[in-house]
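# Topology and contacts: notes
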Amino acid sequence: MNKIAQIIQPDDFHVHLRDGEYLKHTVQYSSKYGRAVIMPNLKPPITSIKQAWEYKNRILEINPSFGPLMTLYLNPSVKKEELKEIPSLDWLLGIKLYPSGATTHSEEGVKVSELEKFYAYFELMEKYQIPLMVHGEVSDYEIDFFEREKIFIEKYLINIREKFPKLKIILEHVSSKVGVDFVNSYDNTAATVTPQHLHLTRNDLFFGGIQPHHFCLPIVKTAKDQEAIAQEVLKGNPKFFAGTDSAPHPKNKKESCCGPAGVFSAPISIELYIYFFEKHNKMDWSLIEKFLSKYGADFYGLEYNKRKLSIFQEPLYIPQEYPLGKETVVPMWAGKTLNYTTLILD
Ligand code: NCD
Ligand code: ZN
């Protein structure tokens, strides 16, 4: 194999591993990443340190050398007294805000009409320097699906941002130009960037017939929105770093009527990110390494991974399906071939 580069092992700053019989698969699908931020939207959600600890241990049982960085799911059952313990727990990275109704398993999240009730949490999180990860979308029926991020930012997130200026806020899976501008306008603010928001636009939802495997939330948007995200990544803005939002749902559910939101990319996501730089004629390994392996760690104040990722100029065929418990999941870019393959060799 023709090895052409080696970079610091990447981290995935946003992934859904699910639980139960899916876990033995999903942990392995993410195992080229040194660490990953594990989203807490299980049923029931992870709202206590104890639940997060047990979930982490279930993950580590499957792969002891993986680095799960756990999150709590913000809702009234999160105990304020627990917050002061979080800074001493190096495996518990932050708290995730899901506006209720905005996405998969967000029903028990925060009603935006009651958001101000949670300002007491934000105050403590600012004090203890606990990052707030945000699913930045409203969920009202009346609001255009493609405007959900914009409206959430304008109506709610800017208020939180300005009231708690030292709170670290991550606009997860940024999907719009408004989102990019928001992140660039404030200190202590960053965004995760997914492969789907770099590669797909809303045309990909409909081209050739409806494409359920391209449906995720926030929904992929216009070419202009995509371009705004792409430009930040290509110019090496440290506020924008990799977080796949790989969110597996079984194939039969995705292909049913009323299929759930989520694009699955974990096992091939590093290659999909590399392909983004390739597509834009920017095969600059130092830039790629910063986006995949440095900027996120810098924002969260983590050390870089010790291991290295080797990159080979070797075609990578993306299978049509991957096993998921007794079911299968269809990955992004299924059936296509990429030009680079990556491996952790040391
Ligand atoms: C995620 C899921 O399936 O858990 N779905 C998605 O479309 N991204 C939840 C989320 O991050 O919104
Ligand atoms: Zn997610």
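To start, this report covers the structure provided alongside it. In this text, all values refer to a predicted model and were calculated from it rather than measured experimentally.

### A short note on the side chain of Gln196
- Looking at the secondary structure, you find Gln196 in helix α7 (residues 195-199).
- By relative accessible area, Gln196 is classed as buried at 0%.
- Setting aside residues up to four positions removed in sequence, Gln196 forms contacts with Cys216, Val220, Thr244, Asp245, Val263 and Met332.

### Concerning the sheet that holds strand β10 (residues 308-312)
- One open sheet accounts for 3 strands, arranged β1-β10-β15; its pairing is antiparallel. Strands at the two margins of the open sheet, each flanked by one partner only, are β1 (3-8) and β15 (341-344). The average undirected angle you get between the axes of adjacent strands in this sheet is 25°.
- Relative to β15, β10 runs antiparallel, the two being bridged by 4 bridges. By the bridge assignment for β15, Leu309 is matched with Ile344.
- Against the sheet, helix α11 (residues 269-279) makes contact with β10 and β15, and its axis sits at roughly 135° relative to β15, the strand it touches most.
- Against the sheet, helix α12 (residues 285-300) makes contact with β1 and β10, and its axis sits at roughly 40° relative to β1, the strand it touches most.

### Comments concerning the packing of aromatic side chains
- Tallying each qualifying case throughout the model produces 21 aromatic pairs.
- For the ring pair Phe152 and Tyr156, a centre distance of 5.6 Å and an interplane angle of 40° mean the geometry is tilted. Of the two residues, Phe152 and Tyr156 are both situated in helix α5 (residues 148-163); the distance of 4 residues between them amounts to about one turn of the helix.
- The exposure class of Phe152 is buried, given its relative accessible area of 0%.
- Judged by relative accessible area, which is 16%, Tyr156 ranks as buried.
- Measuring from centroid to centroid gives 5.7 Å for Phe299 and Tyr300, while their planes differ by 85°, and the two rings are edge-to-face. Like Phe299, the residue Tyr300 is buried in the burial classification.
- In textbook terms, an aromatic cluster arises when at least three aromatic residues are bridged by ring pairs, as seen for Phe13, Phe241, Phe299 and Tyr300.

Scoring rules and cut-offs
- Residues numbered from 1 in each chain as written.
- Chains lettered and ligands numbered in written order.
- Predicted model: local features only at pLDDT ≥ 70, side-chain atom pairs only at ≥ 80, totals over all residues.
- Heavy atoms only, no water.
- Helix = DSSP H or I, 4+ residues; strand = E, 2+ residues; numbered from the N terminus.
- Buried < 20%, exposed > 50% of the residue type's maximum accessible area, 1.4 Å probe, protein only.
- Contact = heavy atoms within 4.5 Å.
- Pairing = 2+ DSSP bridges.
- Axes fitted to C-alpha atoms, helices over the stretch in contact; angles between N-to-C directions.
- Phe/Tyr/Trp six-rings, centres within 6.5 Å; stacked < 30°, edge-to-face > 60°.

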